Amino acid sequence: MRGGLLVLGGSQGEHVAAQLAALLGAELGEVEVSRFPDGETYVRVLAEVEGKRVVYVNSLQRGPNEALVETLLTLDALKDLGAREVHAVVPYMAYARQDERFKPGEAVSVATVAKLFRALGLSSIYTVDMHLHRIRDPSALFGASFRNLTGVRELAKHVKRHHPEVLGKAVVVGPDEEAEQWARVMAEELGTEYAVLEKKRLSATEVRIEAHGANVKGKVAVIVDDIISTGGTIIEAVRALRQLGCEAALVACVHPVLVGNAYAKLLKLQLLDLVGTDTVLSPISRVPIAPAIAEALRGDLGLD
Ligand code: R5P
């Protein structure tokens with residue numbers, strides 16, 4: 001057991017916390033979370049935290065509003081109970097996509113969420129493949145050393161381990177411009193070319209994708225994206241790639257949010273594989289994110 005390092009998980013982070021503690025050789029503690037009869041969240045830290053370096057893990061996805069309140073209450077309690085350092089690991093950061101006032105009068109939600117974190121005086125915050133396109137200095141915004149890790153290398157390990165037969169004829173595909181960053185990393189890891197498609201969002205649930213001349217004929221497309229929400233982006237990307245003669249498709253995403261009947265719709269595509277990391281728990285969360293987080297913490301906290 002590594003002296004003084006304690007790992008705790010919230011209601012959406014227990015699975016990652018347990019793996020992290022094992023990977024880091026740290027103590028795993030418990031936090032009790034329940035509801036008051038009126039719906040308010042109750043949090044009680046059961047572990048002894050005074051004087052310790054504490055890593056607290058919680059994702060803000062299944063019921064993001066409640067998860068956010070739970071996370072803020074717990075982190076504040078940890079400080080208040082005398083933890084020497086508090087490091088927050090938020091594998092899925094809610095509200096990150098509303099990072100601008102797209103229409104007059106809208107709340108810039110990520111700025112508000114960041115203010116709440118800033119008030120806690122944390123030592124550091126770790127998240128995974130968060131939308132940071134328009135945020136230049138997340139450490140200043142969130143008021144703590146901020147690291148945006150990637151889950152794409154873990155997804156690439158899965159593809160190499162479980163689908164070695166496709167590597168010779170694979171082309172990595174990012175379904176839209178923003179996905180170029182993830183496609184590039186996946187292509188580097190697999191040693192293949194990558195292509196980026198053009199996406200036009202028609203509404204919150206509808207998109208149109210063009211694959212203009214992507215060289216996918218007779219190839220296996222390894223489509224990679226940060227989030228699958230309604231599944232609309234992936235369904236359109238597969239349609240466009242098949243029109244260009246793509247032989248088969250495999251889909252890998254970091255955050256399998258999968259709202260409504262997205263999973264059922266995606267199953268109909270008859271993909272070679274449909275896989276996500278466990279930043280968000282879903283039927284396709286088969287790739288653990290803990291190794292990527294453990295590696296970062298090991299270096300940053302000097303645990304080597
Ligand atoms: C958006 O830019 C993201 O990178 C994803 O492509 C998007 O969130 C996927 O959403 P959906 O599954 O609803 O198309």
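Presented here is an overview of the structure given in this document. Not measured: the values here are computed from a predicted model.

1. As for the sheet that holds strand E7 (residues 124-128)
Argument step 1. The sheet built from six strands is open, its strands ordered E2-E1-E5-E6-E7-E8 with parallel pairing. If you trace the sheet from one side to the other, it starts and ends with strand E2 (27-28) and strand E8 (145-149), each paired once.
Argument step 2. Two elements, strand E1 (residues 5-9) and E2, share two bridges in a ladder whose sense is parallel. Bridge assignment links Val-7 to a residue of E2, and that residue is Leu-28.
Argument step 3. Sheet strands in contact with helix H1 (residues 14-24) are E1, E2 and strand E5 (53-57), and its direction is about 160° off that of E1.

2. Quick word on helix H3 (residues 109-118)
Argument step 1. Along H3, the residues classified as buried are Ser-109, Val-110, Val-113, Ala-114 and Phe-117. The buried residues of H3 occupy an angular sector of 135° when the element is viewed end-on, so they sit on one face.
Argument step 2. Those residues of H3 that are buried lie in contact with helix H2 (64-80), strand E6 (85-90), E7 and helix H4 (138-142).

3. Quick look at the pairing of strand E15 (residues 273-277)
Argument step 1. Counting buried positions over the five residues of E15 gives five, a clear majority of the element.
Argument step 2. Two strands pair when backbone bridges link them, and strand E14 (residues 248-256) and E15 are joined in this way by four bridges, in the parallel orientation. By the bridge assignment for E15, Leu-250 is matched with Asp-273.
Argument step 3. Traced from E14 through helix H8 (residues 262-267) to E15, the parallel crossover comes out right-handed.

4. Details of the site of the ligand
Argument step 1. Of all residues adjacent to the ligand, which total 15 residues, the nearest are Asp-225, Asp-226, Ser-229, Thr-230 and Thr-233.
Argument step 2. Asp-226 is positioned with one of its side-chain polar atoms (N or O) 2.6 Å from an oxygen atom of the ligand.
Argument step 3. Between the ligand and the protein, one listed contact pairs an oxygen atom with a backbone N or O atom of Gly-231 at 2.9 Å.
Argument step 4. Burial of the ligand by the protein amounts to 93% of the accessible area it has alone, namely 380 Å².
Argument step 5. Using a 2 Å cut-off from the grid points, one finds that the ligand occupies the largest pocket.
Argument step 6. Those elements that place two or more of their residues in the shell around the ligand are strand E11 (198-201), strand E13 (220-228) and helix H7 (232-243).
Argument step 7. For the shell around the ligand, the leading source of residues is E13, giving four residues.
Argument step 8. Within the shell around the ligand, the residues separate by chemical class into two nonpolar, six polar and seven charged.

5. Some remarks on the environment of Arg-184
Argument step 1. Note that Arg-184 resides in helix H6 (residues 180-190).
Argument step 2. Placed 32 residues apart in sequence, Arg-184 and Val-152 show a C-alpha to C-alpha distance of 9.7 Å.

6. A closer look at the packing of aromatic side chains
Argument step 1. This structure, assessed with the given rule, holds three aromatic pairs.
Argument step 2. Here the aromatic rings of Phe-117 and Phe-142 are separated by 6.0 Å at their centres, their planes lie at 55°, and the arrangement is tilted. One end of the pair, Phe-117, is in helix H3; the other, Phe-142, is in helix H4, with 25 residues separating them in the sequence.
Argument step 3. Residue classification places Phe-117 among the buried positions, given a relative accessible area of 0%.
Argument step 4. Ring geometry for Phe-142 versus Phe-146: centroids 4.7 Å apart, planes at 40°, classification tilted. The pair Phe-142 / Phe-146 is uniform in exposure class, with both members buried.
Argument step 5. In this structure an aromatic cluster arises from ring pairing among Phe-117, Phe-142 and Phe-146.

Reading the values: rules and limits
- Residues numbered from 1 in each chain as written.
- Predicted model: local features only at pLDDT ≥ 70, side-chain atom pairs only at ≥ 80, totals over all residues.
- Heavy atoms only, no water.
- Pairing = 2+ DSSP bridges.
- Helix = DSSP H or I, 4+ residues; strand = E, 2+ residues; numbered from the N terminus.
- Contact = heavy atoms within 4.5 Å.
- Axes fitted to C-alpha atoms, helices over the stretch in contact; angles between N-to-C directions.
- Buried < 20%, exposed > 50% of the residue type's maximum accessible area, 1.4 Å probe, protein only.
- Arc of directions from axis to C-beta.
- Right-handed = clockwise from strand over helix to strand, strands pointing away.
- Near = heavy atom within 4 Å.
- Polar contact = N/O pair within 3.5 Å; in protein donor to acceptor, adjacent residues only side chain to side chain.
- Areas by Shrake-Rupley, 256 points an atom, 1.4 Å probe, with all protein chains shown as cover.
- 1 Å grid on protein atoms, 1.4 Å probe; cavity = no way out; pocket = protein on both sides within 12 Å on 5 of 7 lines; lining within 4 Å.
- Sits in = over half its atoms within 2 Å of the grid points.
- Nonpolar A, V, L, I, M, F, W, Y, C, P; charged D, E, K, R; others polar.
- Phe/Tyr/Trp six-rings, centres within 6.5 Å; stacked < 30°, edge-to-face > 60°.

Any link to function would need more than the numbers given here.
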